[in-house]
Amino acid sequence: MNTKSIMIVGVGGQGTLLASRILGAALVSEGYDVKVSEVHGMSQRGGSVVTYVRYGDSVASPIIEKGEADLLLSFEQLEAARWLAYLKTDGNLIVNTQTIDPMTVISGADVYPDGVIDALRASGAGVTAIDALSLAVQAGSAKAVNVVLIGVLAAKTEIPKETWLNALRETVPPKFLEMNLKAFELGWSYKG
Amino acid sequence: MKKLLLGNEAVARGLFEGGCRVASSYPGTPSTEVTECAATYDDIYSEWAPNEKVAMETALGASIAGARSFCGMKHVGLNVAADPLFTASYTGVNAGMVIVVADDPGMHSSQNEQDSRHYALASKTMMLEPADSAECLAFTKQAYALSERFDTPVILRLTTRIAHSRSLCELGEREDAGVLPYEKNIAKNVMMPAMAKGRHVVVEERVLKQTAWAESEAVDAEINKIEWHDKKIGVISAGACYQYAKEALGDKASYLKLGCVYPLPVELIRSFAAECETVYVLEELDDYIETHCRKHGIRVIGKEAFTLQGEYSQTLIEKVILGTQKPVLTVDVHVPGRPPVLCAGCPHRGLFYALKKIGVTVSGDIGCYTLGAMQPLGMIDTVICMGASVSALHGRNKADPAFSGKSVAVIGDSTFIHSGVTGLINIAYNQSNSVVIILDNSITGMTGHQQNPTTGLTIKGDPTSAVSLEKLAEAVGVHRVRVVDPYDLKECEDAIREELAVDAPSLIISRRPCALLKKVKHNPPLKVNPDKCRSCRMCMRIGCPAISFKDGKATIDFTQCVGCNVCRQLCKFDAIEG
């Protein structure tokens, strides 16, 4: 199988690293060669963060460049727009409709644009937009946004549901497992 | 069973399997997880040292005593540890010693983009460079064997994309190397001129032996390896660049992958280059391998076609060598930048706001609080390196005593212990009227919450003695010491104004634990009462990521707010409610 590329982008603190860990665990148990590239340190402090996940028979580069991602999972609207160019021209985008103002907007130096979702749809990418924050709150915690979104992503892959649930059990602390399983289910069954 | 490990976790596994007994490091992105993960193995004594110099000397001491040892650091940390490194190259080891240095091309989390390979060359210390997690594990184990065989510390060089990428590793068993006998040997271990002259001869002989190894045995061990495909293009590379080249060129090129970047082979490179039509050296940062090739008359294309700055990628290589580019989608919206910020509830925010209100020049340092330089706080004037805030403030105040009442230094608790304390001693000893502020958030923050000598906990979370910053300041001769709570804006402002006015060195400790620490209990999120909000934007001046303006009124994001109440002290209309 040719190498496939998934990007997870968001704002530092939103839990993108846990999402990539669940995805990585699921891919490994399916027997793929996998590389997951993360950035730690300063950019995690409320900055724009990105994780690259690549899998296939044999993966060389750990990073994804412009025009290379099969799937882009964005935890925030503006971040989807920022990283859209990394998607293949026939790639798919899953975008959480949550908005988080960057400091450039908070300080008044810039303006958060209107109509981001419409602009994303107009780009030609296949777009799934979801209010994952509401579903996470419904599952029991705003912090479960990442697992709701992994649920949406999971339903778009060929990997069986049981593999995902096992990956979740391996990755999530036991006391939050039930809530996260609920969050995953809400994402998995989302029709949008 | 294969496991998906971070490059850094794989190095730690290599330490475990390679029989490491003593690990001492100072945290630094992207190297931190090596030691954090090493500490999860009970067979390895692990610790956070106050700085990289102490860590390397600890590791060398353990090695001379007979235990396989380790120290890890980021690239700039090796500057701090350079003193012991150069002499460790002369003494060599008893049991194996491995040094990890993690470079950060592209500066994801660093203040410069230095290329640590020059340290291997300059100190004549063997350096290996893995290209994925499996090699991180394997090379770490190899490094112990090589260290003992050639009687030298061995440096394992990582870059961000290797250290912070997960890939599959096959785990093995621990080789228990035991503790080797220690024998007193002053000709080898006491480096004063007469003995060091003798050791320099040994070092030069060692380099020749290692070069011979790099030509032949390293190839058998697949540390240096050639992959023949199409010979029109030849690629000489190492580390992450090798992976980018494979991604971009696949079977369209042949590869010489160098797992050992010091010393470099000569004949291996020459014979590879002779069989290829055009040879490229693909390496991030400096023209290190390229210069070696040119020195030996081997024709290669390197930096004239690529760059000395930032990271390489498959796209860059594809564009330069094949002249092709992938099509991209465009989106028709303006996308504002999203730089990193101080977190909601960050205790540094209140202190920076007080500094802004007073309007002082701020000598800054390395840590989360470096972000205080960003708007809307914008309250840092200089950032150089670990500890420089304190010493540079002293220099500023000596340049013109008139600066004294208008300048302060800010430095974190861990950074202060690392190398700020020597600057404070200088302030006391050489009497500058300087105000130093320690931003004591009870943790090493930016690197992801490591304990340090002020926290009272070891790397394993066990209780230990804690440095008293107050007593330390007093002991070195700074007699004006006070503690403030950075959530209390007035208290901070008053204290800073008073200390600036006094004609004596002083230390202010701004004490409040990092809001991200698990032990910190948060208050319920605050809310803006839209009927009371007069849209004056006072609350926006602190640059809290939880506060934004929607429909002409301030609003607080409940997912981020931790109820620190700093914004509340700014609102003149009591519009922010608990």
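Position numbers for residues start from 1 in each chain and track the written sequence from start to end. Here every chain gets a letter starting at A, and every ligand a number starting at 1, in the order they are written. Reporting of local features is limited, given that this is a predicted model, to residues whose pLDDT is at least 70; pairs of side-chain atoms are given and counted only at 80 or more, and all residues count toward the totals for whole chains, interfaces and linings. Hydrogens and water molecules were not included; the side-chain quantities draw on all heavy atoms of the structure.

### Digging into the nonpolar core
One broad rule of soluble globular proteins: the nonpolar side chains tend to lie buried together.
Then, in step 1: Grouped together as the largest cluster of nonpolar side chains are 84 residues, with contacts concentrated most on Met7(A), Leu120(A) and Leu282(B).
Then, in step 2: The contact partners of Leu120(A), leaving out residues within four places of it in the chain, are Gln77(A), Ala80(A), Ala81(A), Leu84(A), Leu93(A), Val95(A), Ala125(A), Val127(A) and Val331(B).
Then, in step 3: The criterion is simple. A nonpolar core is a set of buried Ala, Val, Leu, Ile, Met, Phe, Trp, Tyr and Cys residues joined through side-chain atoms within 4.5 Å. Burial classes follow relative accessibility: with a 1.4 Å probe on protein chains only, a residue under 20% of its type's maximum area counts as buried, one over 50% as exposed, and anything between as partly exposed. Residues Leu371(B), Tyr487(B), Ile509(B) and Cys564(B) belong to the second largest nonpolar core, which totals 75 residues. We call two residues in contact whenever any of their non-hydrogen atoms come within 4.5 Å of each other.

### Comments concerning the packing of helix H1 (residues 16–29) of chain A against helix H7 (residues 161–171) of chain A
Residues and elements named next belong to chain A.
Then, in step 1: Here an angle of 0 to 180 degrees is reported between the N-to-C directions of two axes, which are lines fitted to C-alpha atoms, with helices fitted over the stretch in contact. In this text, helices come from DSSP runs of H or I with a minimum length of four residues, and strands from runs of E with a minimum of two, each type numbered from the N-terminal end. Relative orientation of the contacting elements H1 and H7 amounts to 125 degrees, with a least axis distance of 8 Å. When the interaxial angle is binned, H1 and H7 end up oblique. Considering only the axes of H1 and H7, their crossing is right-handed. On H7, the residues touching Leu18, Arg21, Ile22, Leu23, Ala25, Ala26 and Ser29 of H1 are Thr163, Trp164, Ala167, Leu168, Glu170 and Thr171.
Then, in step 2: Only Asp, Glu, Lys and Arg are considered charged in this grouping, and only Ala, Val, Leu, Ile, Met, Phe, Trp, Tyr, Cys and Pro are considered nonpolar; every other residue, Gly among them, is considered polar. In the contact of H1 with H7, the residues fall into eight nonpolar, three polar and two charged. Every angle not falling under 35 degrees, over 145, or within 65 to 115 is termed oblique; those three ranges are roughly parallel, roughly antiparallel and roughly perpendicular. A clockwise turn of the near helix away from the far one marks a right-handed crossing, whereas an anticlockwise turn of less than a right angle marks a left-handed crossing.

### Things to note about the layout of surface pockets
Residue and element names in this part refer to chain B.
Then, in step 1: Lining residues are those with an atom within 4 Å of a point, where the points come from a 1 Å grid over the protein atoms alone and group into cavities, where a 1.4 Å probe fits but cannot get out, or pockets, open sets with protein on both sides within 12 Å along at least five of seven lines. Grid points are joined across faces, edges and corners, and a volume is the space filled by probe spheres set on the points. Its volume calculated, the second largest pocket comes out at about 590 Å³.
Then, in step 2: Lining the second largest pocket we find 38 residues, and of these Lys74, Ile366, Gly367, Met386 and Met446 sit closest to its centre.
Then, in step 3: Listed by contribution, the elements that provide at least two residues to the lining of the second largest pocket are helix H4 (75–80) and helix H18 (413–429).
Then, in step 4: In terms of residue class, the lining of the second largest pocket is built from 15 nonpolar, 20 polar and three charged.
Then, in step 5: Domain borders in the structure are assigned automatically or taken from a domain database. Each of domain 1 (2–215) and domain 3 (347–511) accounts for three or more of the residues forming the lining of the second largest pocket.

### Describing the domain arrangement of chain B
Then, in step 1: Taken domain by domain, chain B holds domain 1 (2–215), domain 2 (222–322), domain 3 (347–511) and domain 4 (527–577).
Then, in step 2: The centre of domain 1 of chain B, based on its C-alpha atoms, is set 50 Å off from the matching centre of domain 4 of chain B.

### Thoughts on helix H3 (residues 52–65) of chain B
Residues and elements named next belong to chain B.
Then, in step 1: For a helix, the expected span equals 1.5 Å multiplied by the number of residues minus one. Across its 14 residues, H3 extends 20 Å between first and last C-alpha, which sits within 8% of the 20 Å expected from 1.5 Å per residue.
Then, in step 2: Where H3 is concerned, the buried positions are Glu52, Ala55, Met56, Ala59, Leu60, Ala62, Ser63 and Ile64.
Then, in step 3: Where H3 starts, the residue carrying a side-chain oxygen 3.0 Å from the main-chain nitrogen of Lys53 turns out to be Asn51.
Then, in step 4: The first or second residue beyond H3 is Gly66, which carries a positive phi of 120 degrees. Throughout this description, a polar contact denotes any pair of N or O atoms lying within 3.5 Å of each other; where both atoms belong to protein, one of them has to be capable of donating a hydrogen while the other can accept it, and for residues adjacent in sequence the pair is counted only when both atoms sit in side chains.

### Observations regarding the packing of aromatic side chains
Then, in step 1: Any two rings among Phe, Tyr and Trp, with Trp reduced to its six-membered ring, count as a pair given centres within 6.5 Å; such a pair is stacked if its planes are under 30 degrees apart, edge-to-face if over 60, and tilted if neither. Within this structure, the stated rule accounts for nine aromatic pairs over all chains.
Then, in step 2: For the pair Tyr32(A) and Tyr55(A), a centre-to-centre distance of 5.0 Å together with 65 degrees between the ring planes defines the contact as edge-to-face. Residue Tyr32(A) is found in the loop between H1 and strand S2 (33–37), and its partner Tyr55(A) is found in strand S3 (residues 48–56); the two are separated by 23 residues along the sequence. Each member of the pair Tyr32(A) and Tyr55(A) is classed as buried.
Then, in step 3: A ring pair is formed by Phe16(B) and Tyr41(B), whose centres lie 4.5 Å apart and whose planes are at 15 degrees; its orientation type is stacked. On the criterion of sequence distance, the pair formed by Phe16(B) in helix H1 (residues 7–17) and Tyr41(B) in the loop between helix H2 (32–38) and strand S3 (45–48) is long-range, its members being 25 residues apart. For the pair formed by Phe16(B) and Tyr41(B), the shared burial category is buried.
Then, in step 4: By definition, being over a ring means that NZ of Lys or CZ of Arg is both within 6 Å of the ring centre and within 35 degrees of the ring normal. Above the plane of the ring of Phe403(B) lies Arg396(B), whose end atom (NZ or CZ) is 4.1 Å from the centre.
Then, in step 5: The ring of Phe549(B) has Arg537(B) sitting right over it, with the charged end atom 4.1 Å from the ring centre.

### Observations concerning the side chain of Ser123(B)
Residue and element names in this part refer to chain B.
Then, in step 1: Position of Ser123 relative to the elements: it lies in helix H6 (residues 117–123).
Then, in step 2: Overall, Ser123 belongs to the buried group, its relative accessible area being 2%.
Then, in step 3: A distance of 2.7 Å separates the side chain of Ser123 from the backbone oxygen of Tyr119, its partner in a polar contact.
Then, in step 4: Other than its neighbours up to four places away in sequence, Ser123 contacts Leu85, Phe86 and Ser89.

### A few points about the environment of Met1(A)
Residues and elements named next belong to chain A.
Then, in step 1: Relative to the helices and strands, Met1 resides in the segment before strand S1 (4–11).
Then, in step 2: The exposure class assigned to Met1 is partly exposed, which follows from its relative accessible area of 39%.
Then, in step 3: Sequence separation of Met1 and Gly151 is 150 residues, and the distance between their C-alpha atoms is 24 Å.
Then, in step 4: Leave out the neighbours within four places in its chain, and Met1 touches Tyr32, Tyr55, Gly56 and Asp57.

### Quick word on the side chain of Ser147(B)
Residues and elements named next belong to chain B.
Then, in step 1: Counting through the fold element by element, Ser147 comes out in helix H7 (residues 133–150).
Then, in step 2: The exposure class assigned to Ser147 is buried, which follows from its relative accessible area of 0%.
Then, in step 3: Filtering out sequence-adjacent residues up to four positions away, Ser147 remains in contact with Val93, Gly96, Met97, Thr152, Pro153 and Val154.

### What about the sheet that holds strand S11 (residues 254–258) of chain B?
Residues and elements named next belong to chain B.
Then, in step 1: One requirement defines pairing of two strands: DSSP has to find at least two bridges between them. Here four strands make up an open sheet; going across it, the order is S9-S11-S10-S13 and the pairing mixed. Edge strands, defined here as strands with exactly one partner in the open sheet, are strand S9 (224–227) and strand S13 (278–282). When the angles between neighbouring strand axes are averaged without regard to direction, this sheet yields 15 degrees.
Then, in step 2: Here strand S10 (residues 233–237) runs beside S13; their pairing, made up of five bridges, is parallel. Its bridge partner lying in S13, Ile233 is registered against Thr278.
Then, in step 3: The strands that helix H12 (residues 239–249) touches are S9, S10, S11 and S13; relative to S11, the one it contacts most, it runs at about 170 degrees.
Then, in step 4: Across the sheet, helix H14 (residues 288–295) touches S10, S11 and S13, and the angle it forms with S13 is around 140 degrees.

### Section: the pattern of salt bridges
Then, in step 1: Salt bridges are defined as contacts in which a side-chain nitrogen from Lys or Arg sits within 4 Å of a carboxyl oxygen from Asp or Glu. In this structure the tally under the stated criterion is 45 salt bridges over all chains.
Then, in step 2: Via salt bridges that share partners, Asp103(B), Asp115(B), Arg117(B), Glu129(B), Arg157(B) and Glu283(B) belong to a single interconnected network.

### Considering the interface of chain B and chain A
Then, in step 1: Taken residue by residue, the interface counts 61 residues in chain B and 64 residues in chain A.
Then, in step 2: Two parts lose some accessible area (1.4 Å probe) when they are put together, and adding that loss for both gives the buried area. Summing both partners gives a buried area of about 4,900 Å² for chain B against chain A, and 61% of it is carried by carbon and sulfur.
Then, in step 3: Three residues, Arg166(B), Leu329(B) and Arg338(B), lead the burial of chain B against chain A; their summed loss comes to 19% of the area buried on that side.
Then, in step 4: Counting the contacts that link chain B with chain A gives five salt bridges.
Then, in step 5: Where Arg166(B) meets Glu38(A), a salt bridge forms, and the shortest distance between an N and an O atom there is 2.8 Å.
Then, in step 6: At the surface where chain B touches chain A, the tally comes to 19 residue pairs in polar contact (both at pLDDT 80 or more).
Then, in step 7: When contributions to the side of chain B that touches chain A are tallied by element, the ones reaching two or more residues are strand S1 (2–6), strand S8 (165–170), H12, helix H15 (314–322) and strand S20 (547–550) of chain B.
Then, in step 8: As paired elements, S2(A) and S8(B) share three bridges and run antiparallel to each other. Counted as the bridge partner of Ser37(A) is Ser165(B) from S8(B).

### Structural notes on the sheet that holds S3(B)
Residues and elements named next belong to chain B.
Then, in step 1: Taking strand neighbours across the sheet as the criterion, the seven strands line up as S3-S2-S4-S5-S7-S6-S12 in an open arrangement whose pairing is mixed. Each end of this open sheet is capped by a strand with a single partner; those strands are S3 and strand S12 (260–262). Neighbouring strand axes in the sheet, compared pairwise and without regard to direction, differ in orientation by 20 degrees on average.
Then, in step 2: Where strand S2 (residues 22–25) lies against strand S4 (residues 69–74), two bridges are found, and the strand directions are parallel. Looking at S4, one finds that Val22 is bridged to Ser69.

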